[in-house]
Amino acid sequence: MGFLDKVKDVAGKAADQAKHATAVGKEKIEDAKLAKKIESLCEEIGGIVVSQRRGEAPADADAQIDAKVAEIAELEKQIEENAAVKPEAEAADAAEAPADDAAAGS
C-alpha cells in the first residue's frame, strides 16, 4: 500500500470516527430531552394529585394522570431502544476495526 493510500485510509477512519461521535452526541442529547420531558410529566402528575387531595381537581383528573403515565412509559421505551442500539453500533464498529488494522499492516 502506497503512502497516499495509507493517508486516505487514516483520513477515512478519522471521518468515520467523527461521524460516530456526532451520532452518539445526538443520541445523548435526545435522551436528555426525553428525560426532561419525563420529569415535566411527573411534575404535572404531582400537581394533579395535590389538587385531588385538596378537592380541587378537574373531573377528568384520573384520565389526565393515566394519559401522562402512558406518555412516560412511551418515552422510557424510546430511551431503552436508544440504549439497545448503542451497544449494537459499538459492536459493529469493533468488528470492523480488527479487519481494518490487519489490512493496514499489510
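Going by the structure above, here's the rest.
First, a word on what this report is: a plain description of the structure on this page. Not measured: the values here are computed from a predicted model.

The next thing to look at is the overall build of the protein. Within the protein, the regular secondary structure consists of 2 helices and 0 strands. Split into buried and exposed, the 106 residues of the protein put 11% on the buried side. Look at the contacts in the protein between residues 6 or more apart in sequence, and 70% of them connect residues 24 or more apart.

Helix length check: helix H1 (residues 3-53), at 51 residues, gives a terminal C-alpha distance of 75 Å against a target of 75 Å (1.5 Å per residue), a fit within 8%. Looking only at H1, the buried set comprises Asp31, Leu34, Ile38, Leu41, Ile45, Ile48 and Ser51. Looking one or two residues past H1, Gly55 carries a phi angle of roughly 75 degrees, positive in sign.

Quick look at a negative patch on the surface now. The grouping of Glu74, Glu76, Glu80 and Glu81 at the surface amounts to a negative patch. Here Glu76 falls in the partly exposed class, since its relative accessible area comes to 39%.

Glancing now at the nonpolar core. Most often, soluble globular proteins keep nonpolar side chains buried together rather than apart. Grouped together as the largest cluster of nonpolar side chains are 9 residues: Leu34, Ile38, Leu41, Ile45, Ile48, Ala61, Ile65, Ile72 and Leu75. Counting residues per element, the ones that place at least two in this core are H1 and helix H2 (61-105). With 5 residues, H1 is the largest single contributor of residues to this core. Discounting residues that sit within four places of it in the chain, Ile45 has contacts with Ile65, Lys68, Val69 and Ile72.

Before going further, it helps to spend a moment on the environment of Glu71. Relative to the assigned elements, Glu71 resides in helix H2. Glu71 sits 34 residues away from Lys37 along the chain, and the two C-alpha atoms are 9.5 Å apart.

Taken together, the side chains of Phe3, Leu4 and Val7 define a hydrophobic patch exposed on the protein surface, amounting to about 350 Å² of accessible area. Mapped onto the fold, Val7 is located in helix H1. By relative accessible area, Val7 is classed as partly exposed at 41%.

Summed over all chains, the structure comprises 3 salt bridges. The partner of Lys37 in a salt bridge is Glu71, with the nearest N and O atoms 3.9 Å apart. One end of the pair, Lys37, is in helix H1; the other, Glu71, is in helix H2, and 34 residues separate them in sequence. A salt bridge links Lys68 to Glu44; the shortest N-O distance between them is 2.6 Å. Of the two residues, Lys68 sits in helix H2 while Glu44 sits in helix H1, which places them 24 residues apart along the sequence. For Lys68, a relative accessible area of 18% translates into the label buried.

Looking now at the side chain of Ser51. Of note, Ser51 is situated in helix H1. Accessibility expressed as a relative area gives 14% for Ser51, which makes it buried. In this structure Ser51 touches Glu56, Ala57 and Pro58, once residues within four positions along its chain are discounted.

Rules used in this analysis
- Residues numbered from 1 in each chain as written.
- Predicted model: local features only at pLDDT ≥ 70, side-chain atom pairs only at ≥ 80, totals over all residues.
- Heavy atoms only, no water.
- Helix = DSSP H or I, 4+ residues; strand = E, 2+ residues; numbered from the N terminus.
- Buried < 20%, exposed > 50% of the residue type's maximum accessible area, 1.4 Å probe, protein only.
- Contact = heavy atoms within 4.5 Å.
- Expected span 1.5 Å × (residues − 1).
- Patch = residues over 30% accessible without salt bridge, like charges linked within 9 Å, V, L, I, M, F, W, Y side chains within 5 Å.
- Areas by Shrake-Rupley, 256 points an atom, 1.4 Å probe, with all protein chains shown as cover.
- Salt bridge = Lys/Arg side-chain N within 4 Å of Asp/Glu carboxyl O.
- Lys, Arg positive; Asp, Glu negative; His and termini not counted.
- Charge placed at Lys NZ, Arg CZ, Asp CG, Glu CD.
- Core = buried A, V, L, I, M, F, W, Y, C linked by side-chain atoms within 4.5 Å.

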